[in-house]
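# Reading the structure
Residue-level listing of the chains:
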Amino acid sequence: ALHVMAYDPASDRVVVWGGADREDSPVWTLDVASGAWEQVSLEPLPGSAWEACRAWDPASERVLLLGGEGYMTEEIAEGVTSTGIRLRDQVWALDLAAGTWVELEPLPRPMSAHGCVADPASTNIVIWDQDAVLLYDPVTGRTSVVAEDS
């Protein structure tokens, strides 16, 4: 099912979302102390995604979902759309306190099967994929290249 999971240290919860074949994948949280699971209803939804990376953003206390693959509909010509599996450049922030997913500025390119982690010394998310290490700032939406394979 290719779920996405992150730990929310502010509330001592594990957040689980996703499934490869569902546009309406629910979000579940696990209260680590009690062991209780809770399904959380959120709108809007980021759509299906797998092979995405996720990170806990301590500055905003949100789970970030970056890139991946998913079913997407694109306009390929005026009035003509195509639906299929696409690499995603989207960045979504899950705000459990507000009960919403918020779409942030996109990555500079689509990516999948990459990793990411929050940099505790800044607001940046460090992203590494097959050929580069990037810094993504979820506050400004800016991405900078730290290292690139030539």
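For the structure, see preceding data.
Read on for a plain summary of the structure. (Residues numbered from 1 in each chain as written. Predicted model: local features only at pLDDT ≥ 70, side-chain atom pairs only at ≥ 80, totals over all residues. Heavy atoms only, no water.)

## Things to note about the state of the cysteines
Quick note on the threshold: Cysteine sulfur pairs qualify as disulfides if the two atoms are within 2.5 Å. Working definition: helices are DSSP H or I runs of at least four residues, strands are E runs of at least two. Numbering for both runs from the N terminus. The classification of residues rests on relative accessible area computed with a 1.4 Å probe and restricted to protein chains. Under 20% of the type maximum is buried, over 50% is exposed, and intermediate values are partly exposed.
Throughout the structure, instances matching the rule amount to one disulfide. Two residues, Cys53 and Cys116, share a disulfide whose sulfurs are 2.4 Å apart. Where Cys53 bonds to Cys116 through sulfur, the torsion about that S-S bond is close to 115 degrees, and the disulfide is right-handed. Highlighted residues: Cys53 in strand β5 (residues 53-57) and Cys116 in strand β11 (residues 115-118), separated in sequence by 63 residues. Each member of the pair, Cys53 as well as Cys116, carries the same accessibility label: buried.

## A word on the sheet that holds strand β9 (residues 91-95)
Stated precisely, the cut-off is as follows: Two strands form a pair only when DSSP identifies at least two bridges running between them. As a rule, the C-alpha atoms of each element are fitted with a line to give its axis, helices using only the stretch in contact, and angles between N-to-C directions run from 0 to 180 degrees.
Taken in spatial order, the four strands make up an open sheet running β5-β6-β9-β10, and their pairing is antiparallel. Sheet topology places β5 and β10 (100-104) at the edges, where each strand pairs with a single neighbour. Adjacent strand axes in the sheet meet at a mean angle of 25 degrees when their direction is disregarded. As paired strands, β5 and strand β6 (residues 62-66) are joined by five bridges and run antiparallel to one another. Paired with Ala55 across the two strands is Leu64, which belongs to β6.

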